[in-house]
Amino acid sequence: MRIPFFASSSRFAGQFCRTLLSGLVAPGDVGKTTLRLTQAVKLAIGRVLLRLRVHQRCKVLVISLEDDRAELHRHLLAICWHHGVVKAELRGWLYCG
């Protein structure tokens, strides 16, 4: 069954849509957290990081039931350093809980 795609509600490349919950399932230690955090940063700053266009900058809430706050921040620092993202770009746009 094919699900219709509505570009106006999409955030980027049909992966995240407004009002819908998104999840990612894969075996352990394959980079799920890094991928999702990079996508969160990308949405929060509103620019291309993983070769996918961002349709609209938006506020992002990241909730991890696996990693603690310190581990999430370590991941975020590495992602921001790698992609040249300044902390000020995320202020007020990215929240981690």
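Caption draft 1: How the structure looks around the nonpolar core. Counting 20 residues, the largest nonpolar core has Val41, Val60, Val62, Leu90 and Leu94 as the members making the most contacts within it. Elements that contribute at least two residues to this core include exactly helix 1 (32–45), strand 3 (60–62), helix 2 (69–83) and strand 4 (94–96). At six residues, helix 1 tops the list of elements feeding residues into this core. Leu94 has contacts with Ala40, Val41, Ala44, Val60, Val62 and Leu76, leaving out every residue within four places of it along the chain.

Caption draft 2: Inspection of a nonpolar patch on the surface at higher detail. Residues Leu61, Ile63, Leu65 and Tyr95 make up a contiguous nonpolar surface patch of roughly 510 Å² in combined accessible area. You can see Leu65 is positioned in the loop between strand 3 and helix 2.

Caption draft 3: Here's a closer look at helix 2. Here helix 2 spans 21 Å end to end across 15 residues, near enough to the 21 Å set by a 1.5 Å rise per residue. Within the span of helix 2, buried status applies to Leu72, His75, Leu76, Ile79 and Cys80. Down the axis of helix 2, the buried set is contained in an arc of 130°. They therefore lie on one face. Turned more than 90 degrees away from the buried face of helix 2, the exposed residues are Ala70, Leu77, Trp81 and His82. Buried residues belonging to helix 2 abut helix 1, helix 3 (87–90) and strand 4. Directly beyond the C-terminal end of helix 2, a positive phi value near 70° is found at Gly84.

Cut-offs applied
Residues numbered from 1 in each chain as written. Predicted model: local features only at pLDDT ≥ 70, side-chain atom pairs only at ≥ 80, totals over all residues. Heavy atoms only, no water. Core = buried A, V, L, I, M, F, W, Y, C linked by side-chain atoms within 4.5 Å. Buried < 20%, exposed > 50% of the residue type's maximum accessible area, 1.4 Å probe, protein only. Helix = DSSP H or I, 4+ residues; strand = E, 2+ residues; numbered from the N terminus. Contact = heavy atoms within 4.5 Å. Patch = residues over 30% accessible without salt bridge, like charges linked within 9 Å, V, L, I, M, F, W, Y side chains within 5 Å. Areas by Shrake-Rupley, 256 points an atom, 1.4 Å probe, with all protein chains shown as cover. Salt bridge = Lys/Arg side-chain N within 4 Å of Asp/Glu carboxyl O. Expected span 1.5 Å × (residues − 1). Arc of directions from axis to C-beta.

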